[in-house]
Amino acid sequence: MKILRTLAVLLIVQFFCSYADAQSNPDFSAYSYETFIHNGDTLRYRMLQPPGYESQKSYPLIVFLHGSGERGTDNAAQLLHGGSLFLKDSLRQRFPAFVIFPQCPPDSMWSSMKVTRDSTGRAIKREFSDGTDRQSTPGLLVKLLVDSLIKIDKVNSRQIYLGGLSLGGIGTYDLLARYPKMWAAAFPICGIGNVNTAVKFAKVPIWIFHGGADNVVPVSGSRDYVEALKKLKADVKYSEYPGVGHNSWDNAFAEPDLLPWLFSHKK
C-alpha cells in the first residue's frame, strides 16, 4: 500500500513538472524557420501558416517585432513573448492568417535611435527618427519581406497588421511613419518614439498598450502618442495597466478583444 501511495505521489509530481516545463518551454515547431536576403543582408524570421493553408488563396498577415532582449541569430528567441498567443487553436481557426516574427540581429535596432546613457548604463536620453532619415537595415528588411509576400499573392495587401513590444514598439511607430499605407491596423506595446510623426499614420487604426509603472520605457511615451492622435481625430484605443511594469505585453496578449479588433480593420 505504501509503495502504491509513493508511486501515486511520483506520478503527480511528474505530471506537474511536465506541465510546468510545457508552460516555460512551449512548442513553437509550428513556426517554420525562414530567411530573407536582400543585397547581402539577412533577416531571420519564423512564420506560422494559416490552418488548412491553401496556396491559391491570399491571407491576412501579422508582423510582430520583439524587444531588445530577444535579439540574436538563433531564430528562436523572438517567439518568447507573443509566440504562444497565435498558436491557440481557437484563435487560429477564427482568424486564419500568416504570422511572422522576424529577429533583429545583436546590437541592432528596428529603427534608428540615438541613446545617451549615464555612467551606470541607464538610458537618460533617447532621440528618435522623424521617418526621413536612412532606415535601419532590420526595419527595411521587414518592409521588403512584406513586399515580397504581397508580390507572390501569399498575403492579402488589405489586411496587413503590425505590432511590437518595447524595442519592437519603437520599431512599430517607425514603420507606421515610413509606410502608413501598408498597414491595416497596429498595436504597439510599451513603445516610444517621435510623436511628431503621428500625423503621418493618423489614418491607421491603432491600439496602444503600456504599464503605468514601467521603469524601462516611460509611460509618457504612449500617453504622448495617444494625445497627439486624438487631436488628429485618429482611430486610437489606449490600455494602460496601473501598477504594471515593463512587461505590459502579458496584459496586452490577454486582452480578449485584441485579435477581433485587429481583424475588424481592412484597408
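Predicted, not measured: the structure shown is a model, and the values here were computed from it.

Draft legend 1. Spotlight on the overall build of the chain. Across its full length, the chain carries seven helices and 10 strands. Relative to its length of 267 residues, the chain is compact, with a C-alpha radius of gyration of 20 Å against a globular reference of 18 Å. With respect to the three principal axes, the spread of C-alpha positions in the chain is 75 × 55 × 40 Å. Within the chain, buried positions represent 48% of all 267 residues. Sequence separation of 24 or more characterises 72% of the internal contacts of the chain that already satisfy a separation of 6 or more. Surface accessibility of the chain: about 13500 Å² in total, with carbon and sulfur atoms responsible for 53%. Averaged over its 30 positive side-chain charges, the chain has a centre that lies 3 Å from the centre of its 24 negative ones.

Draft legend 2. Examining the UniProt feature "domain: Phospholipase/carboxylesterase/thioesterase" (unreviewed entry) in the chain more closely. According to UniProt, the feature "domain: Phospholipase/carboxylesterase/thioesterase" (unreviewed entry) maps to residues 55–253 in the numbering used here. Secondary structure content for residues 55–253 is 25% helix and 26% strand, while the C-alpha to C-alpha distance between its ends is 29 Å.

Draft legend 3. Just the nonpolar core, in detail. Counting 46 residues, the largest nonpolar core has Leu 61, Leu 176, Trp 183 and Phe 201 as its most contacted members. Going through the elements one at a time, β2 (41–48), β3 (59–65), β4 (98–103), α3 (137–151), β7 (155–165), α4 (167–178), β9 (206–211) and α5 (220–231) are the ones with two or more residues in this core. In this structure, Trp 183 is in contact with Val 63, Val 146, Ile 160, Tyr 161, Leu 162, Leu 175, Leu 176, Val 204 and Lys 267, ignoring residues within four places of it in sequence.

Draft legend 4. Up close: the side chain of His 265. Within the element layout of this structure, His 265 appears in the segment after α7 (258–263). Engagement of the side chain of His 265 in a polar contact is seen with the side chain of Trp 261, the distance being 3.3 Å. When near neighbours in sequence (up to four residues on either side) are disregarded, His 265 contacts Arg 158, Gln 159, Tyr 161, Ala 184, Ala 185, Pro 205 and Asp 235.

Draft legend 5. Geometry of the packing of aromatic side chains. According to the stated counting rule, one finds 16 aromatic pairs in the structure shown. Ring centres of Phe 28 and Tyr 31 lie 6.1 Å apart, and the angle between their planes is 75 degrees; this geometry places the pair in the edge-to-face category. Each member of the pair Phe 28 and Tyr 31 is classed as buried. A ring pair is formed by Tyr 53 and Phe 98, whose centres lie 5.4 Å apart and whose planes are at 70 degrees; its orientation type is edge-to-face. With a gap of 45 residues between them, Tyr 53 in the loop between β2 and β3 and Phe 98 in strand β4 connect regions that are remote in the sequence. A connected cluster of aromatic rings, assembled from ring pairs, spans Phe 28, Tyr 31, Phe 64, Phe 86, Phe 101, Phe 187 and Phe 253.

Draft legend 6. Region of interest: the sheet that holds strand β8 (residues 185–189). Taken in spatial order, the eight strands line up as β1-β2-β4-β3-β7-β8-β9-β10 in an open sheet, and their pairing is mixed. Across the chains shown, the open sheet's two edge strands, defined by having one partner strand only, are β1 (32–38) and β10 (236–241). Sheet twist, expressed as the mean angle between neighbouring strand axes with direction ignored, is 20 degrees. Running at roughly 150 degrees to β9, α5 makes contact with β9 and β10 of the sheet.

Draft legend 7. Inspection of the pairing of β10 at higher detail. Here six bridges tie β9 to β10, and the two strands are oriented parallel to one another. Residue Ile 208 lies in a different strand from β10, and its bridge partner there is Tyr 238. Note on the crossover from β9 through α5 to β10: the handedness is right-handed.

Draft legend 8. Region of interest: the pairing of β8. Of all five residues that make up β8, five are buried, and the element is covered over most of its length. With five bridges connecting them, β7 and β8 associate as parallel partners. Across the sheet, Leu 165 pairs through a bridge with Ile 189, a residue of β8. Chirality of the crossover, the property in question, places the unit of β7, α4 and β8 among those that are right-handed. Of the pairings in the sheet, the one linking β8 to β9 comprises two bridges and is parallel in character. Its bridge partner being in β9, Ala 186 is matched across the sheet by Ile 206.

Draft legend 9. Highlighting the side chain of Ser 248. Of note, Ser 248 is situated in the loop between β10 and α6 (249–253). Residue classification places Ser 248 among the buried residues on the basis of a relative accessible area of 0%. Beyond its immediate chain neighbours, meaning those up to four positions away, Ser 248 contacts Ile 189, Cys 190, His 210, Gly 211 and Tyr 241.

Draft legend 10. Highlighting α5. Helix length check: α5, at 12 residues, gives a terminal C-alpha distance of 16 Å against a target of 16 Å (1.5 Å per residue), a fit within 8%. Taken as a whole, α5 has its buried residues at Gly 221, Ser 222, Tyr 225, Val 226, Ala 228 and Leu 229. Those residues of α5 that are buried are in contact with α4, β9 and β10. One or two steps after α5, the chain reaches Lys 233, where phi turns positive at roughly 60 degrees.

The rules we used
Residues numbered from 1 in each chain as written. Predicted model: local features only at pLDDT ≥ 70, side-chain atom pairs only at ≥ 80, totals over all residues. Heavy atoms only, no water. Helix = DSSP H or I, 4+ residues; strand = E, 2+ residues; numbered from the N terminus. Rg over C-alpha atoms; globule rule 2.2 N^0.38 Å. Buried < 20%, exposed > 50% of the residue type's maximum accessible area, 1.4 Å probe, protein only. Contact = heavy atoms within 4.5 Å. Areas by Shrake-Rupley, 256 points an atom, 1.4 Å probe, with all protein chains shown as cover. Lys, Arg positive; Asp, Glu negative; His and termini not counted. Charge placed at Lys NZ, Arg CZ, Asp CG, Glu CD. UniProt positions renumbered as here; feature names shortened; annotations may be inferred. Core = buried A, V, L, I, M, F, W, Y, C linked by side-chain atoms within 4.5 Å. Polar contact = N/O pair within 3.5 Å; in protein donor to acceptor, adjacent residues only side chain to side chain. Phe/Tyr/Trp six-rings, centres within 6.5 Å; stacked < 30°, edge-to-face > 60°. Pairing = 2+ DSSP bridges. Axes fitted to C-alpha atoms, helices over the stretch in contact; angles between N-to-C directions. Right-handed = clockwise from strand over helix to strand, strands pointing away. Expected span 1.5 Å × (residues − 1).

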